[in-house]
Amino acid sequence: MKCLKTVYWLVCFFIKRMLLHFYWLFPVKKNQFYFDSFYGRSFSCSPKYLYDFLIKTGIAQKKNCYWSASVNANGFDCVEKENCCIPYNRKTIKTIMTSQFIIVNTDIPPAIPLRKNQILINTWHGGGAYKKGGLDNPVENTFLNRIFSRFRVKQTSFILASCERFAQVMKTSWRIKDSDGVSFIPCGMPRNDILFSIDFDVKKLRSTLGVAESDFVVLYAPTFRTVDKIQQNVPIHFDLEKIGKAFEHRFGKTIRFLFRSHYYFTGQKNVQNDSVIDVTNYSDMQELLLISDVLVTDYSSSIWDFSFLNRPCFLYCPDYDSYYSERGFYTPIKDWPGILVKNDDEFAKSIESFDEVAFAEKIKKHHGACHSYENGTACCQVAELIKSNMEIEK
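The shown structure was predicted, so the numbers you read here are calculated from the model rather than taken from an experiment.

### A look at the overall build of the protein chain
Within the protein chain one finds 13 helices and 15 strands. In terms of C-alpha radius of gyration, the protein chain reaches 21 Å, essentially the compact-globule figure of 21 Å for 394 residues. The proportion of buried residues among the 394 residues of the protein chain is 54%. For the protein chain, the computed accessible surface area is about 18,700 Å², with 53% contributed by carbon and sulfur atoms. Of the side chains in the protein chain, 50 bear a positive and 42 a negative charge, and the two mean positions are spaced by 9 Å.

### With respect to the pairing of strand 1 (residues 29-36)
Here strand 1 runs beside strand 4 (residues 99-104); their pairing, made up of five bridges, is parallel. Bridge pairing in strand 4 links Lys29 to Ser99. Pairing of strand 1 with strand 2 (residues 65-68) involves three bridges; the strand directions are parallel. Bridging from a neighbouring strand, Phe33 pairs with Cys65 of strand 2. Note on the crossover from strand 1 through helix 2 (residues 45-56) to strand 2: the handedness is right-handed.

### Considerations on the sheet that holds strand 2
Spatially, the seven strands line up as an open sheet ordered 3-2-1-4-5-6-7, and their pairing is parallel. The open sheet has two free edges, formed respectively by strand 3 (84-85) and strand 7 (183-185), since each of these has just one partner strand.

### Details of the nonpolar core
Membership of the largest hydrophobic core comes to 98 residues, with the highest contact counts inside it found for Phe33, Phe247, Val296, Phe347 and Ile386. For this core, the leading source of residues is helix 13 (residues 378-393), giving seven residues. In contact with Phe347, other than residues within four places in its own chain, are Phe238, Ile243, Phe247, Val296, Phe314, Tyr316 and Val341. Judged by nonpolar contacts, the second largest core, of 14 residues, contains Leu20, Tyr66, Met97 and Leu114.

### Side note on the sheet that holds strand 13 (residues 294-297)
The strand order across the open sheet built from six strands is 12-11-8-13-14-15, with neighbouring strands paired in parallel fashion. Strand pairing shows two members of the sheet lacking a second neighbour, strand 12 (276-278) and strand 15 (339-341), which therefore form its edges. Mean inter-strand twist for the sheet, computed between neighbouring axes without regard to direction, equals 25°.

### Quick word on the side chain of Glu374
With respect to the helices and strands, the residue Glu374 is situated in the loop between helix 12 (356-370) and helix 13. Buried charged residue Glu374 carries no salt bridge. Nearest counter-charge: Arg191, at 7.0 Å. Among the polar contacts made by the side chain of Glu374, one reaches the side chain of Asn192 at a distance of 3.1 Å. In this structure, Glu374 is in contact with Ser162, Gly188, Met189, Asn192, Phe196, Trp304 and Phe308, ignoring residues within four places of it in sequence.

### Digging into the environment of Lys387
Mapped onto the secondary structure, Lys387 falls in helix 13. Take Lys387: its relative accessible area is 32%, and that puts it in the partly exposed class. As for Lys387 and Ile59, which are separated by 328 residues in sequence, their C-alpha atoms are 7.3 Å apart.

### A closer look at empty space enclosed by the protein
Which parts of space are left empty comes out when a probe the size of a water molecule is rolled across the atoms. Under the definition given, this model contains one cavity of 30 Å³ or more. Computed from the structure, the largest cavity encloses a volume of approximately 30 Å³. Together, Asp107, Ile108, Leu120, Asn122, Arg152, Gln155, Thr156 and Trp174 line the largest cavity. Its residues assigned to classes, the lining of the largest cavity shows three nonpolar, three polar and two charged.

### Description of the state of the cysteines
Applying the stated criterion to the full structure yields zero disulfides. In this structure Cys12 is a free cysteine whose sulfur lies 15 Å from that of Cys3, the closest cysteine sulfur available. Here Cys78 stays free of any disulfide, with the sulfur of Cys84 as its closest cysteine sulfur at 8.8 Å.

### Brief notes about the pattern of salt bridges
Considering all chains together, one arrives at 14 salt bridges under this definition. Across the pair Arg191 and Asp305 runs a salt bridge whose closest N-O atoms are separated by 2.7 Å. Taken together, the residues Arg191 in the loop between strand 7 and helix 6 (202-209) and Asp305 in helix 9 (residues 302-306) connect sequence positions 114 residues apart. Like Arg191, the residue Asp305 is buried in the burial classification. In this structure, Arg250 and Glu356 form a salt bridge, with 3.0 Å as the shortest nitrogen-oxygen distance. With Arg250 in helix 7 (residues 240-251) and Glu356 in helix 12, this pair connects stretches of sequence that are 106 residues apart.

### Digging into unusual backbone geometry
Along the chain, Pro87 connects to Tyr88 via a cis peptide bond; the corresponding omega equals -20°. Mapped onto the secondary structure, Tyr88 falls in the loop between strand 3 and helix 3 (90-97). Its identity as a non-glycine residue notwithstanding, Arg175 has a phi of 55°, on the positive side. Here Arg175 shows up in the loop between helix 5 (164-173) and strand 7.

Calculation rules
- Residues numbered from 1 in each chain as written.
- Predicted model: local features only at pLDDT ≥ 70, side-chain atom pairs only at ≥ 80, totals over all residues.
- Heavy atoms only, no water.
- Helix = DSSP H or I, 4+ residues; strand = E, 2+ residues; numbered from the N terminus.
- Rg over C-alpha atoms; globule rule 2.2 N^0.38 Å.
- Buried < 20%, exposed > 50% of the residue type's maximum accessible area, 1.4 Å probe, protein only.
- Areas by Shrake-Rupley, 256 points an atom, 1.4 Å probe, with all protein chains shown as cover.
- Lys, Arg positive; Asp, Glu negative; His and termini not counted.
- Charge placed at Lys NZ, Arg CZ, Asp CG, Glu CD.
- Pairing = 2+ DSSP bridges.
- Right-handed = clockwise from strand over helix to strand, strands pointing away.
- Core = buried A, V, L, I, M, F, W, Y, C linked by side-chain atoms within 4.5 Å.
- Contact = heavy atoms within 4.5 Å.
- Axes fitted to C-alpha atoms, helices over the stretch in contact; angles between N-to-C directions.
- Salt bridge = Lys/Arg side-chain N within 4 Å of Asp/Glu carboxyl O.
- Polar contact = N/O pair within 3.5 Å; in protein donor to acceptor, adjacent residues only side chain to side chain.
- 1 Å grid on protein atoms, 1.4 Å probe; cavity = no way out; pocket = protein on both sides within 12 Å on 5 of 7 lines; lining within 4 Å.
- Points joined across faces, edges and corners; volume = space filled by probe spheres on them.
- Nonpolar A, V, L, I, M, F, W, Y, C, P; charged D, E, K, R; others polar.
- Disulfide = S-S within 2.5 Å.

These values are about where atoms sit, not about what they do.
Written out as structure tokens, the structure is:
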């Protein structure tokens, strides 16, 4: 039965891909852009920051920029309404297949056949090299996914690398060969440029979210779990009162907890506790990191981004043993830019004994081991890449 299902989906894939070649009858439009962040769920991540930079510098025009935007997606107020595309209807597929530049942080469905004169830039949505993903994840390493991965790789032009280690593991997780023609751009993540800037108005966002300027902000942002192939949300497991008191005692300030669930769960009510501000529907994670004094997560690659702020980070992982055995890691968790704790007692003790100097050294060592490319100039570097390819198309 399983074999028949595989054959069925494979046949559907090739038929769809063949039929979509119909859109090759329409010419690729020079200097037209298509952006997608998390499959149209939000105006966010590196595609957002690249879009803003390209518009600001005049490299791209708003009228020529299209965005994948689900019906209830967040943050698209600055995008022309007629340029918002519902994924993946026929009009959107035509837009994708006639855009010269396609900028995504996940991928384009491999059934959509791109042409050689189209340029797909994958910014990816996580930096560093932490939990295993793609075909390196045993759950994802299926026959169908291996087929789809080959098509995905073949039509990718560039992948932006946050560090040398990321490029290494991306090659294995996507099974990228030297002959595939995919170029890794050692520029860092465009979304992280803001972390190196002093222009962001922290006070304004805190006020918008109802956080006092004097509050000590603890952001809890766990990743999702997969149970029986279904993505599940992660509630707040730790004792808020106990952990809050530990933070207050160590840092001497009033604590305010923020909770941000994985992007899969945008639009849901994610917390039941009135003392916690649910910021899941706030589309820009980088801005939330900037207003936070501490990040608490588990296996999320947000630790990479947050590490450039040199602020405390804790990895609250009560399910560490089972998660590690099922998923596996590229980098031992002891070397991640965070402090591993497996229960409330360990968490409270780690907060009380937190050493700023030792932690700063750990972050520096991690960046060196990964050979970080982050320096706050990713948008500028990618813009130059785009400009050079515009000139080629003249």
